[in-house]
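Inside the fold
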Amino acid sequence: MAVNLSKGQKVDLTKGNPGLKNLIVGLGWDINKYDGGFDFDLDAAAFLLGETGKVNTDDDFVFYNNKEHASGAVIHTGDNLTGDGDGDDEQIKVDLSKVPEAVSKIDFTVTINEADTRNQNFGQVSNAYIRVVNAETGEELIRYDLGEDYSIETAVIVGELYRNNGEWKFNAIGSGFQGGLAALCGNFGVNV
């Protein structure tokens with residue numbers, strides 16, 4: 001049974017699940033209150049971060065144009081351009097056994113593509129969530145449903161996997177940003 005988290009809540013992931021190695025991080029959302037004539041294209045991404053909270057190289061940014069980390073530890077399964085349908089809109093696969101030692105955490109984000117030109121923000125998004133699934137059993141381990149308190153933000157750090165004393169934990173972050181993907185990249189030290 002999945003653990004439902006609130007913003008800021010942290011939970012052990014591998015300690016209670018010995019041998020857990022392969023994860024699917026699913027992100028999903030629906031669109032509400034929008035009739036601007038454009039599709040709503042949300043994009044999931046992962047930032048592999050060192051102790052400083054920054055990427056070690058620009059290649060530590062996994063997204064629709066860089067779908068697989070060089071280590072094979074993080075793989076983006078593809079870009080959903082509309083968010084239509086039920087279930088996860090985008091997924092990122094994580095193999096914990098392949099995460100390089102120099103990576104202390106992996107932050108998962110969602111941004112709105114062309115948010116400024118399309119006049120879109122997360123205030124128009126509903127039912128957004130992140131969930132962590134055991135890829136081998138299909139069991140949902142963790143779920144974090146984001147609230148709808150993002151009126152002007154165009155990017156959100158949804159959650160992060162992080163190392164702690166040899167175990168992996170999950171932190172429900174839910175931190176919004178203005179400035180979309182460029183702002184997130186700047187925050188994490190990626191050159192754009």
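Everything discussed here concerns the structure shown above.
Residues numbered from 1 in each chain as written. Predicted model: local features only at pLDDT ≥ 70, side-chain atom pairs only at ≥ 80, totals over all residues. Heavy atoms only, no water.

Taken in spatial order, the six strands make up an open sheet running E1-E10-E9-E3-E7-E6, and their pairing is mixed. Across the chains shown, the open sheet's two edge strands, defined by having one partner strand only, are strand E1 (3-5) and strand E6 (74-76). The average angle at which neighbouring strand axes cross in this sheet is 15 degrees, direction not considered. Judged from the six bridges that link them, strand E3 (residues 22-31) and strand E7 (residues 90-95) form a sheet pairing that is antiparallel. Bridged to Leu27 within E7 is Glu90. (Pairing = 2+ DSSP bridges. Helix = DSSP H or I, 4+ residues; strand = E, 2+ residues; numbered from the N terminus. Axes fitted to C-alpha atoms, helices over the stretch in contact; angles between N-to-C directions.)

Below, the discussion takes up the side chain of Asp88. As for its position among the elements, Asp88 is in the loop between E6 and E7. At 2.7 Å, the side chain of Asp88 forms a polar contact with the side chain of Gln91. Only 2.7 Å separates the side chain of Asp88 from the side chain of Tyr129, close enough to count as a polar contact. (Polar contact = N/O pair within 3.5 Å; in protein donor to acceptor, adjacent residues only side chain to side chain.)

Across the eight residues of strand E4 (residues 42-49), eight count as buried, placing the element largely inside the fold. Both faces of E4 are covered, namely the face carrying Leu42, Ala44, Ala46 and Leu48 and the face carrying Asp43, Ala45, Phe47 and Leu49. Pairing between E4 and strand E8 (residues 105-112): eight bridges, direction antiparallel. Pairing of Asp43 across the sheet is with Thr111, part of E8. (Buried < 20%, exposed > 50% of the residue type's maximum accessible area, 1.4 Å probe, protein only.)

Moving on, we come to the packing of aromatic side chains. This structure, assessed with the given rule, holds four aromatic pairs. Measuring from ring centre to ring centre gives 4.4 Å for Phe47 and Phe188, while their planes differ by 35 degrees; the resulting arrangement is tilted. Note that Phe47 is positioned in strand E4 and Phe188 in helix H2 (residues 180-188), a separation of 141 residues in sequence. Judged on exposure class, the residue Phe47 and its partner Phe188 are both buried. With 4.1 Å between their ring centres and 5 degrees between their planes, Phe61 and Phe63 make a pair best called stacked. Among the aromatic residues, ring-to-ring pairing joins Phe47, Phe61, Phe63, Tyr64 and Phe188 into one connected group. (Phe/Tyr/Trp six-rings, centres within 6.5 Å; stacked < 30°, edge-to-face > 60°.)

One non-glycine residue, Glu114, lies in positive phi territory at about 55 degrees. Mapped onto the elements of the fold, Glu114 is located in the loop between E8 and helix H1 (115-118). The phi dihedral of Asn119 falls on the positive side, at around 55 degrees, and the residue is not glycine. Relative to the elements of secondary structure, Asn119 occurs in the loop between H1 and strand E9 (125-134). Residue class for Asn119 comes out exposed when judged on its relative accessible area of 61%.

Considering the arrangement of structural elements, one finds Val99 in the loop between E7 and E8. The spatial distance from the C-alpha of Val99 to the C-alpha of Val74 is 7.8 Å, given a sequence separation of 25 residues. Apart from residues lying up to four places away in sequence, Val99 is in contact with Ala73, Ile106, Arg163 and Trp168. (Contact = heavy atoms within 4.5 Å.)

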